[in-house]
Amino acid sequence: MKDKHIVVGVTAGIAAYKAVDLVSRLRKAGADVKVVMTKNATKFVSPLVFGEISKHPVAVDMFEEVHDWNVEHIAYATWADAYIVAPATANIIGKMANGIADDMLSTQLLATTAPIFVCPAMNSNMYAHPAVQENLDTLRSRGVMIMEPDSGLLACGVEGKGRLPNPENIVKWVDFHLGKTDILNGKTVLVSAGGTQEPIDPVRFITNRSSGKMGYAIALKAAQAGANTILVSAPTELDVPYGVTFVPVRSAMEMKAVIDGYYHDVDAVIMAAAVADYRVAETADNKIKKQDSMALELVKNPDILAGLGASKAHQKLIGFAAETQYVIEYGKEKVRKKNLDMLVANDVSKANAGFDVDTNEVTFIYPGDQIVSLPTMSKIDVAERIIQALADL
Ligand code: C5P
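Quick caveat: nothing in here was measured; it's all calculated off a predicted structure.

Before going further, it helps to examine helix H13 (residues 327-337). The set of residues buried in H13 consists of Val327, Gly331, Lys334 and Val335. Along H13, the residues classed as buried sweep out an arc of 100 degrees about the axis, all on the same side. Every exposed residue of H13 that faces more than 90 degrees away from the buried side is listed here: Glu329, Arg336 and Lys337. In this structure, the buried residues of H13 make contact with strand S16 (316-323), strand S17 (342-347) and strand S19 (362-365).

Now the structure itself:
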């Protein structure tokens, strides 16, 4: 969303107030936002509110000022990187489908060549009406993106489908599609993430400092690249990325069972998880009582990635290595030992790399000791480079 020009079109549904939150979230995500309202929408929310939140004047119906109007609708339409119509009434959907341009918003929607995202919100019978559904099909066939409304109690008092989805999800949806490519179309990619939790007893476990941020960024980028993406994740604090199949696990043994189950059917595995090397030999069934001292016996966990490498057929395998010294030397050895197609190595002793932080500084190591070092960049940019490297492989 960073520096993207977004026009939000607000039409006269009761959910118009939620568009205020949408505009605010888009701005927080780094977008420059202009709002266009239909005349009726201004009866639900004052344009002043949208003006304050967007920091731009709000365009409404400009027929009274014809001298400006012609120029202005084209100016908006060419300025926009994307249009979001939220909430979209049956009326605006009907106008869009039929090429009607009788106010500022509908005219801009015809004049723009930017991608258009439509979030229908209305009474469930209206939404289900064949006229509305056919109009939506027409828009879909022209490449307009339509977000399914949520189900629940509607403002009109009935239960049904027609609620405007939560603005947070609208932002994720638009962001996802604006960054979409097709470099992994038709491929299935499994990404692991997070630090595994190895249970000691029902209330305690051993884990590590992995935040999951790198793996989640990779999963998002894989899905944006068009791959059918499966994210196998140990517990993290993060929101599930848009567009992935999410499989939560806890321990290394659980993660191994899940990944092995998928392995035959995937085209690539990216093991970004920080898998615990050891687990507690015997997990206690009941909470262990306090003692003056105690010793835990640890046994080695299977190396999931090495196992995948040993039985590799058509799959591409990308591993990670977090080291505090001899990063490249250890990395080259890991590529050989685990039979990898690429290893992403990072020195986690550096302040701007590795655990918890939002940036990373990595080196790609390939079989034959070929090396590509990247500068410090955000984890989302590193993820994009990894996905490009996978597509190249
Ligand atoms: O050997 P090392 O633990 O440094 O290797 C790290 C890579 O191996 C990572 O990709 C990690 O996800 C994977 N790994 C694994 N199973 C383990 C330990 C690490 O798959 N038990």
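To continue, consider the sheet that holds strand S11 (residues 228-233). Reading across the sheet, the eight strands line up as S12-S11-S8-S13-S16-S17-S19-S20 and stay open at both edges, with mixed pairing between neighbours. At either margin of the open sheet sits one strand with a lone partner, and together these are strand S12 (245-248) and strand S20 (371-373). Across the sheet, the axes of successive neighbouring strands diverge by a mean angle of 15 degrees, strand direction being ignored. Sheet analysis places strand S13 (residues 268-271) next to S16, joined by four bridges and oriented parallel. Looking across to S16, one finds that Val269 is bridged to Leu317.

Along the chain, Glu159 falls in strand S7 (residues 159-163). Its relative accessible area of 61% is what places Glu159 among the exposed residues. Sequence-wise, Glu159 and Asn123 are 36 residues apart; in three dimensions their C-alpha atoms are separated by 9.2 Å. Not counting chain neighbours up to four residues away, the residues in contact with Glu159 comprise Ser124, Gly152 and Leu153.

This next bit is on the site of the ligand. In the neighbourhood of the ligand, the contacting residues comprise Met271, Ala273, Val275, Asp277, Pro302, Asp303, Ile304, Leu305, Gly319, Phe320, Lys334 and Lys338. Between the ligand and the protein, one listed contact pairs a nitrogen atom with a backbone N or O atom of Ile304 at 3.0 Å. Separating an oxygen atom of the ligand from a backbone N or O atom of Phe320 is a distance of 2.8 Å. Contact with the protein chains covers 86% of the free accessible surface of the ligand, which is 450 Å². When contributions to the shell around the ligand are tallied by element, the ones reaching two or more residues are helix H12 (304-310) and S16. Residue composition of the shell around the ligand, grouped by class: seven nonpolar, one polar and four charged.

Turning our eyes to something else, we now look at the domain arrangement of the chain. Structurally, the chain comprises domain 1 (5-178) and domain 2 (188-392). Each partner contributes residues to the interface: domain 1 has six residues there, and domain 2 has seven residues. When the two sides are added together, the surface that domain 1 and domain 2 hide from each other amounts to roughly 530 Å², 61% of it contributed by carbon and sulfur. Among the residues of domain 1 in contact with domain 2, Lys172, Trp173 and Phe176 are the three that bury the most area, contributing 84% of the side total. Counting across the interface, domain 1 meets domain 2 through one salt bridge.

This part takes up a nonpolar patch on the surface. Together, Tyr278, Met294, Leu296 and Leu298 line one region of the surface with nonpolar side chains, adding up to about 380 Å² of accessible area. By secondary structure assignment, the location of Leu296 is in the loop between strand S14 (278-280) and strand S15 (298-300). Residue classification places Leu296 among the partly exposed residues on the basis of a relative accessible area of 37%.

Another point: the nonpolar core. Core analysis: the biggest nonpolar cluster contains 35 residues, and Val189, Ile218, Ile270, Phe364 and Ile386 have the highest contact counts within it. Going through the elements one at a time, strand S8 (188-193), helix H10 (213-224), S13, S16, S17, S19 and helix H14 (379-392) are the ones with two or more residues in this core. Per-element accounting of this core gives the leading share, eight residues, to H10. Membership of the second largest hydrophobic core comes to 32 residues, among which are Ile6, Leu26, Val60 and Ile170.

On to the packing of H10 against H14, then. Two elements in contact, H10 and H14, have axes separated by 8 Å at closest approach and are oriented at 50 degrees. By the angle between their axes, H10 is oblique relative to H14. For the crossing formed where H10 meets H14, the hand is right-handed. On H14, the residues that touch Lys213, Met214, Ala217, Ile218, Leu220, Lys221 and Ala222 of H10 are Lys379, Ile380, Val382, Ala383, Glu384, Ile386 and Ile387. Tallied by class, residues from the contact of H10 with H14 come to ten nonpolar, no polar and four charged.

Another point: the packing of aromatic side chains. On inspection of all chains with the given rule, the structure shows four aromatic pairs. Look at Phe176 and Tyr242: their rings are 4.9 Å apart centre to centre, the planes differ by 50 degrees, and that puts the pair in the tilted class. With Phe176 in helix H9 (residues 167-178) and Tyr242 in the loop between S11 and S12, the pair connects residues that are 66 residues apart, well separated along the chain. Considering the side-chain rings of Tyr326 and Tyr330, the 5.7 Å spacing of their centres and the 75 degrees angle between planes classify their relative orientation as edge-to-face. A relative accessible area of 51% means that Tyr326 is categorised as exposed. Among the residues examined, Tyr330 registers a relative accessible area of 33% and is labelled partly exposed. Here the basic side chain of Lys34 rests over the ring of Tyr76, its NZ or CZ set 5.3 Å away from the ring centre.

Looking only at helix H3 (residues 47-54), the buried set comprises Phe50, Gly51 and Ser54. Buried residues in H3, looked at end-on, bunch into an arc of 105 degrees, giving them a common side. Residues of H3 that are exposed and point over 90 degrees away from its buried face: Leu48 and Glu52. Along its buried surface, H3 packs onto strand S1 (5-10), helix H1 (18-28) and strand S2 (32-37). Its side-chain oxygen placed 3.0 Å from the backbone nitrogen of Leu48, Ser46 serves as the N-cap of H3. Directly after H3, the chain includes Lys55, whose backbone phi takes a positive value near 65 degrees.

Conventions we followed
Residues numbered from 1 in each chain as written. Predicted model: local features only at pLDDT ≥ 70, side-chain atom pairs only at ≥ 80, totals over all residues. Heavy atoms only, no water. Buried < 20%, exposed > 50% of the residue type's maximum accessible area, 1.4 Å probe, protein only. Helix = DSSP H or I, 4+ residues; strand = E, 2+ residues; numbered from the N terminus. Arc of directions from axis to C-beta. Contact = heavy atoms within 4.5 Å. Pairing = 2+ DSSP bridges. Axes fitted to C-alpha atoms, helices over the stretch in contact; angles between N-to-C directions. Near = heavy atom within 4 Å. Polar contact = N/O pair within 3.5 Å; in protein donor to acceptor, adjacent residues only side chain to side chain. Areas by Shrake-Rupley, 256 points an atom, 1.4 Å probe, with all protein chains shown as cover. Nonpolar A, V, L, I, M, F, W, Y, C, P; charged D, E, K, R; others polar. Domains from an automatic or database assignment. Buried area = accessible area lost by both parts, 1.4 Å probe. Salt bridge = Lys/Arg side-chain N within 4 Å of Asp/Glu carboxyl O. Patch = residues over 30% accessible without salt bridge, like charges linked within 9 Å, V, L, I, M, F, W, Y side chains within 5 Å. Core = buried A, V, L, I, M, F, W, Y, C linked by side-chain atoms within 4.5 Å. Parallel < 35°, antiparallel > 145°, perpendicular 65-115°, else oblique. Left-handed = near helix turned anticlockwise from the far one by under 90°. Phe/Tyr/Trp six-rings, centres within 6.5 Å; stacked < 30°, edge-to-face > 60°. Lys NZ or Arg CZ within 6 Å of the ring centre and 35° of its normal.

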